[in-house]
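# Commentary on secondary and tertiary structure
So the chains spell out like this:
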2 protein chains.
Amino acid sequence: MANNTLKPWLHIAADSDFSIYNLPFGIFSSLKNSHRVGTAIGDKIIDLMELASNGAFRDLIADDAVLQQPYLNEFIALGKKTTSEVRNRVQQWLVEEASPLQKNPQYFINQSECILHLPVRVGDYTDFYSSIEHATNVGKMFRDPDNALLPNWRHLPVAYHGRASSIVVSGTNVRRPSGQTNPNGSSPVFAPTKRLDFELEMGFIIGQKTTLGKPVEIDQAEEHIFGMVLFNDWSARDIQKWEYVPLGPFLSKNFASSISPWVVTMEALEPFKTHGPKQEPEVLPYLQHSGKKNYDINLEVILKTTNGDENMISQTNFKYMYWNMAQQLAHHTVNGCNVNVGDVMASGTISGSTPASYGSMLELSWAGSNPLEMKDGSKRTFIEDEDTVIMRGHAKKNNMRVGFGEVKGKILPAV
Amino acid sequence: MANNTLKPWLHIAADSDFSIYNLPFGIFSSLKNSHRVGTAIGDKIIDLMELASNGAFRDLIADDAVLQQPYLNEFIALGKKTTSEVRNRVQQWLVEEASPLQKNPQYFINQSECILHLPVRVGDYTDFYSSIEHATNVGKMFRDPDNALLPNWRHLPVAYHGRASSIVVSGTNVRRPSGQTNPNGSSPVFAPTKRLDFELEMGFIIGQKTTLGKPVEIDQAEEHIFGMVLFNDWSARDIQKWEYVPLGPFLSKNFASSISPWVVTMEALEPFKTHGPKQEPEVLPYLQHSGKKNYDINLEVILKTTNGDENMISQTNFKYMYWNMAQQLAHHTVNGCNVNVGDVMASGTISGSTPASYGSMLELSWAGSNPLEMKDGSKRTFIEDEDTVIMRGHAKKNNMRVGFGEVKGKILPAV
């Protein structure tokens, strides 16, 4: 709903990510109830299972059990027609006086009294590499500064498969991984990574499955995308450097990836669509698209030190992505590869064109050569033990604010 | 059971893969019943669900429903102590006269009257690159013939994440994928792959999950491995060549991987353990192991042409692998990466040292320069439409034969 004059009867802070225009879906539990589907509004959660058991969605959802699951997959699998209507109905009831929501305060629970869980059971996770600024920066540092982009980069959205089992929800502590590195190039050593990094990414979640052998045409791609989350693709750069040729990153990535708990729907993000960068040379027909396929979403990375200081270390925007999500999905499936509800596809590190907008420590400290100064006087080239990395994101237009909350993770020392 | 003097009362052909020493687990359905757990013996399947409903495992399995599932995961998750005892009991009843199995022929169904299904719900799939002959061949063809192996290869079992959603069971037809290639190096084209290949691999299936952050020590690795299957990692070499730098293979691999339906347990394979090749230089301590960790399993690849001719194009052995499964799992988890029941880890292409023992068309035809002659007079450099690739494998020692049946797949023309 692009209507930007909705006036809820509920008070919602003006800077809340969870305005009436948002209404993302997530899985929460409380002292009272185990895992169920909810939507966030301001600092509260609306218990959709409770609403359903009082008949609110009887005409929409045949079996309320889909709202009482450890993951959103079964709910998402109902299809966008249904899930959008659930969202629209809640939105309307937040505006209408004397609506079922207004008359029944028991449907609202304080977010602070709930635990938010991993929103989806991830079947497969794919990580793209779609920011031209990021790919260029990496190419400059590790390959040829004059030919930073590899020959294939502007022709296809480069991607690789990641590990689904180690995707964790925001707030989960992450243990510094150990592994093989080869610091002096002679013989490898086994030790905790010395170059632990974050990658600022966004992920989209598949909402409609496909059949093996049937590509998703680019014009149909959006029908298969349910919503988006913030995504921190933790990385160990020294392990990566030693292991990644020729088959790509493996242990340098699969020890953990963190995602935000609320899945913001594509309907909520619709007003923030924008054009992406011009693609030169022209891409092959199966990647050609018309209309706005990028999204104007402000992103920031905060490094929180143990004294509680929040150091803003990066500010960028999702709209800079060279390859958009429709292109990513069309490419992923053009060979017939199938996708399932709950699959996660992440963007790759999102960097802007200025040093303050880079999406990883690797780029921000330029491979460690340019330490960042923290408020407490300490310096960072990579992430240290007990540091907490927080990523936030929101879209804003006129008086509409649609945000993602945050994804955060604290680094624990290696065992 | 290493006892090689078991005399079943049932007639089993001497060359059957499914001898009394095997008893693999799989998922089958028949006209009478939908998906359930069975074990293969000779040309029959024993219906374990039917046995259970008559109380055969009452002391072992609390809820028989684990035997009536679309996948083996719930059964495997009972733990090796239980699944081994189920297997031992069936084995004993196939020897004992007047046993519950002998008295009740209704527990046996002809394999020819059943459909065999994908045995496990695969959470994550990892593909290793552990044959030194294969890695050397690829290095010679595409990199430097004098330095074919990359510097990291002898220090760690190189691997990458694959796509779980497109793993299919033997017998599933595979559509020739289309994708981007760059045949002349100037600008890419979109077309059906011209270099469709198989990769002869074996896969192992995780039987015991781990917690994120907790590595599996190499001495404990075998406790986490339930059993093995044959694995055909279909590949499109021209797509791979254009896409794989720097993040590894993606669309060149994820259109399909085929696995054999029967999971042969590690207990059944125990008598066929053998020593692997000497590893030089010495590996880091977390990869050091003692005892026999390789398996002597004969493997063959047959290319079946449309006239029905079976052309044996490769014969090799799993014992040649440089990196063993215990090392693979120890490496995979050394950074804390977690594994789940049903995860599949494949070996990578298994090649021997002679040309007739190479495990892919890429190597057999030496990148297309050396076509193979078929019985019908046609030639092959890669796989053509309507070709069927069949892989078979078995271990043999004294009078004990333990085999995998086959994994086969026919190539359909591109859409």
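Now for a look at the structure at hand. Fair warning: this is a prediction, and the values are worked out from it, not measured in the lab. (Residues numbered from 1 in each chain as written. Chains lettered and ligands numbered in written order. Predicted model: local features only at pLDDT ≥ 70, side-chain atom pairs only at ≥ 80, totals over all residues. Heavy atoms only, no water.)

## Describing the sheet that holds strand β2 (residues 36–41) of chain B
All names here are of chain B. One open sheet holds the 5 strands; their spatial order is β4-β3-β2-β1-β5, and the pairing between them is antiparallel. Edge positions in the open sheet fall to β4 (108–110) and β5 (114–116), since each of these has one partner strand only. Going across the sheet, the axis of each strand differs from the next one's by a mean of 50°, ignoring polarity. Sheet topology places β2 next to strand β3 (residues 44–47); 4 bridges connect them, and they run antiparallel. Looking at β3, one finds that isoleucine 41 is bridged to lysine 44. (Pairing = 2+ DSSP bridges. Helix = DSSP H or I, 4+ residues; strand = E, 2+ residues; numbered from the N terminus. Axes fitted to C-alpha atoms, helices over the stretch in contact; angles between N-to-C directions.)

## Quick notes on the environment of Glu222(B)
All names here are of chain B. Among the structural elements, glutamate 222 can be located in the loop between β13 (200–206) and β14 (225–232). Owing to a relative accessible area of 25%, glutamate 222 belongs among the partly exposed residues under this scheme. Spatially, the C-alpha atom of glutamate 222 lies 23 Å from that of asparagine 232, the residues being 10 residues apart in sequence. (Buried < 20%, exposed > 50% of the residue type's maximum accessible area, 1.4 Å probe, protein only.)

## Some points on the side chain of His117(A)
Residue and element names in this part refer to chain A. Mapped onto the fold, histidine 117 is located in the loop between β5 (114–116) and β6 (125–128). Within the structure, histidine 117 has its side chain in polar contact with the side chain of serine 29 (distance 2.7 Å). There is a polar contact of 3.3 Å between the side chain of histidine 117 and the side chain of histidine 35. Among all residues touching histidine 117, those that are not within four sequence positions of it are Ile27, Phe28, Ser29, His35, Val169 and Pro261. (Polar contact = N/O pair within 3.5 Å; in protein donor to acceptor, adjacent residues only side chain to side chain. Contact = heavy atoms within 4.5 Å.)

## Some thoughts on the state of the cysteines
Under the defined criterion, the tally for this structure stands at 0 disulfides over all chains. In this structure Cys337(A) is a free cysteine whose sulfur lies 20 Å from that of Cys337(B), the closest cysteine sulfur available. For Cys337(A), a relative accessible area of 0% corresponds to the buried category. (Disulfide = S-S within 2.5 Å.)

## Notes on empty space enclosed by the protein
All names here are of chain A. Scanning the entire structure with this criterion turns up 8 cavities of 30 Å³ or more. As for the largest cavity, its lining consists of 16 residues, and the residues nearest its centre are Phe318, Met321, Trp323, Met325 and Gln328. Elements with a minimum of two residues in the lining of the largest cavity: β13 (200–206), β19 (294–295), α8 (325–333) and β22 (344–346). Ranked by the residues each element gives to the lining of the largest cavity, the list is headed by β13, at 3 residues. Of the residues belonging to the lining of the largest cavity, the class tally is 10 nonpolar, 5 polar and 1 charged. (1 Å grid on protein atoms, 1.4 Å probe; cavity = no way out; pocket = protein on both sides within 12 Å on 5 of 7 lines; lining within 4 Å. Points joined across faces, edges and corners; volume = space filled by probe spheres on them. Nonpolar A, V, L, I, M, F, W, Y, C, P; charged D, E, K, R; others polar.)

## What to know about the environment of Trp153(A)
Within the secondary structure layout, Trp153(A) lies in the loop between α5 (132–142) and β7 (159–162). On the accessibility criterion, Trp153(A) (2% relative accessible area) is buried.

## Comments concerning the interface of chain A and chain B
Counting residues at the interface gives 52 residues for chain A and 52 residues for chain B. Interface of chain A and chain B: buried area, both sides summed, is about 5000 Å²; carbon and sulfur atoms make up 63% of it. Among the residues of chain A in contact with chain B, Arg163(A), Leu247(A) and Phe250(A) are the three that bury the most area, contributing 16% of the side total. Here chain A and chain B share 4 salt bridges between them. One salt bridge connects Asp343(B) with Arg163(A), and the closest N-O pair in it is separated by 2.6 Å. Along the contact surface separating chain A from chain B lie 26 residue pairs in polar contact (both at pLDDT 80 or more). If you list the elements that add at least two residues to the side of chain A that touches chain B, you get β7, β10 (178–181), β11 (189–192), α6 (237–243) and α8 of chain A. (Buried area = accessible area lost by both parts, 1.4 Å probe. Salt bridge = Lys/Arg side-chain N within 4 Å of Asp/Glu carboxyl O.)

## Section: the packing of aromatic side chains
By the definition in use, this model includes 20 aromatic pairs over all chains. In this structure an aromatic cluster arises from ring pairing among Phe25(A), Phe75(A) and Phe226(A). (Phe/Tyr/Trp six-rings, centres within 6.5 Å; stacked < 30°, edge-to-face > 60°.)

## What to know about the relation of the copies chain A and chain B
Note on the copies: chain A fits chain B at an RMSD of 0.0 Å, the axial shift is 0.0 Å, and the rotation between them is 180°. These values place the two chain copies in the arrangement generated by a two-fold rotation axis. Among all residues of chain A, the one whose C-alpha sits closest to the rotation axis is Gly248(A), at a distance of 2.1 Å. A share of 100% of the interface residues of chain A reappears at the interface of chain B, consistent with the copies meeting face to face through the same patch. (Least-squares fit on C-alpha atoms with pLDDT ≥ 70 in both.)

## Notes on the side chain of Thr39(B)
All names here are of chain B. If you trace the backbone, threonine 39 turns up in strand β2. Looking at threonine 39, the relative accessible area reads 2%, which means it is buried. Within the structure, the side chain of threonine 39 is placed 2.7 Å from the backbone oxygen of proline 24, a separation counted as a polar contact. In this view, threonine 39 contacts Leu23, Pro24, Lys44, Ile45, Ile46, Leu48, Val90 and Trp262; residues no more than four positions away in its chain are not counted.

## Here we look at the pattern of salt bridges
Residues and elements named next belong to chain A. Scanning all chains against the criterion turns up 47 salt bridges over all chains. Here arginine 392 ties to glutamate 310 by a salt bridge, and the two come within 3.4 Å at their closest N and O atoms. Here arginine 392, found in strand β25 (residues 388–397), pairs with glutamate 310, found in strand β21 (residues 310–317); they are 82 residues apart in sequence, far enough to count as distant. Residue classification places arginine 392 among the partly exposed residues on the basis of a relative accessible area of 24%. The partner of arginine 392 in a salt bridge is glutamate 406, with the nearest N and O atoms 3.1 Å apart. Taken as a pair, arginine 392 in strand β25 and glutamate 406 in strand β26 (residues 400–412) lie far apart in primary sequence, 14 residues in all. On the basis of relative accessible area, glutamate 406 is assigned to the partly exposed category, the value being 24%. Through salt bridges with shared partners, a single network forms among Asp197, Glu199, Asp233, Arg237 and Lys253.

## Quick look at the pairing of strand β14 (residues 225–232) of chain A
All names here are of chain A. Counting buried residues in β14 gives 8 out of 8 residues, a clear majority hidden from the surface. With 7 bridges joining them, β13 and β14 adopt antiparallel strand pairing. Considered in β14, the bridge of glutamate 201 is made with phenylalanine 231. Sheet analysis places β14 next to strand β17 (residues 264–265), joined by 2 bridges and oriented antiparallel. By the bridge assignment for β17, glycine 227 is matched with threonine 265.

## As for helix α5 (residues 132–142) of chain B
With 8 of its 11 residues buried, α5(B) lies for the most part within the structure. Against α9 (361–364) of chain B lie the buried residues of α5(B).

## Examining the layout of surface pockets
Size it by volume and the largest pocket reaches roughly 1500 Å³. Elements that contribute at least two residues to the lining of the largest pocket include exactly α2 (73–76) and β8 (167–169) of chain A together with α2 (73–76) and β8 (167–169) of chain B. When residues of the lining of the largest pocket are assigned to their parent elements, the largest contribution, 3 residues, is made by β8(A). Along the lines of polarity and charge, the residues of the lining of the largest pocket split into 21 nonpolar, 15 polar and 9 charged. In this structure, the second largest pocket occupies an estimated 750 Å³ of space. As for the second largest pocket, its lining consists of 35 residues, and the residues nearest its centre are Arg237(A), Gln240(A), Lys241(A), Trp242(A) and Tyr244(A).

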